[in-house]
Amino acid sequence: MAGRSTFELDVRGRLGVREQLALLSLPPQLRRRLLNQVTKRVRTMSRKRVREQRNLDGSAFAPRQGDGKGKKKMEAGLAKLMVVTRVSADEAELGWKNALTRWVAAQQHNGVSERRTAAQMRRWNKTPPGLAATEKQAKRLRRLGLRVRQVGKTSLTRPSVAWIQEHVNYAKAGLLIRILDDQRSESSGAQSWEITLPKRQFIGAETERDTDLLISQVLQQILTSSR
């Protein structure tokens, strides 16, 4: 599981001899039900882990960096979209239907480190002339202590987010942020830098033993209800 961003379950060979024989005696429909229920229980466990912001090994998620800090829980969107993507009489998979979402989940699960250059960022960040400052830029400027002289006021004041978006364009906002940022001496002039996304592994059962116990519990429930 350490290198995968999905939870894949193959029930064959996981149980003791007696339980394995009981499993094989079930019709395919009931075996599919078992795998579906086990996988959904793993989904519940995984979502609980996201609510607690913890990895499979019990450690806390690596914190957000810089301006990404906020109240919204990390990986909450991925946890919400997690579904049983495949189920048969012998196998099931918990993951994401959308290919882009699966890719994002893999980046989060495995972590990634990529080198970016100033030239790349300039190409990717091209914006139309006159584009207004974004809400994120406006909030960042306020945090950095931007003061302006507004009509009808005698002293410099901290403008509202709405005022900044109305009077400051995207490019100028970016320039002001670089000027006001206390850390500009560390970042200015750099022609390339490493972007690191830490691992945040939440999908799955904590151990193989936990998975086997889940299978045994659901199997007993199905055997009891089918009598």
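Presented here is an overview of the structure given in this document.

What counts as what
- Residues numbered from 1 in each chain as written.
- Predicted model: local features only at pLDDT ≥ 70, side-chain atom pairs only at ≥ 80, totals over all residues.
- Heavy atoms only, no water.
- Helix = DSSP H or I, 4+ residues; strand = E, 2+ residues; numbered from the N terminus.
- Buried < 20%, exposed > 50% of the residue type's maximum accessible area, 1.4 Å probe, protein only.
- Contact = heavy atoms within 4.5 Å.
- Areas by Shrake-Rupley, 256 points an atom, 1.4 Å probe, with all protein chains shown as cover.

### What to know about the overall build of the protein chain
Next, step 1: Scanning the protein chain from terminus to terminus reveals ten helices and five strands.
Next, step 2: Each of the 227 residues in the protein chain was classed as buried or not, and the buried ones make up 34%.
Next, step 3: Taking contacts inside the protein chain between residues at least 6 apart in sequence as the whole, the part at least 24 apart equals 73%.
Next, step 4: Accessible area of the protein chain: about 14,400 Å², with a carbon and sulfur share of 52%.

### A word on the environment of Gln201
Next, step 1: Along the chain, the position of Gln201 falls in the loop between strand E5 (192-197) and helix H10 (208-225).
Next, step 2: You can call Gln201 buried: its relative accessible area is 16%.
Next, step 3: C-alpha separation for the pair Gln201 and Leu56, spaced 145 residues apart in sequence, amounts to 5.9 Å.

### Examining unusual backbone geometry
Next, step 1: For Gln53, which is not glycine, the phi dihedral falls at a positive 55 degrees.
Next, step 2: In this structure, Glu75 takes a positive phi of about 70 degrees despite not being glycine.
Next, step 3: By the element assignment, Glu75 lies in the loop between helix H2 (28-52) and helix H3 (76-81).
Next, step 4: Classification of Glu75 as buried rests on a relative accessible area of 9%.

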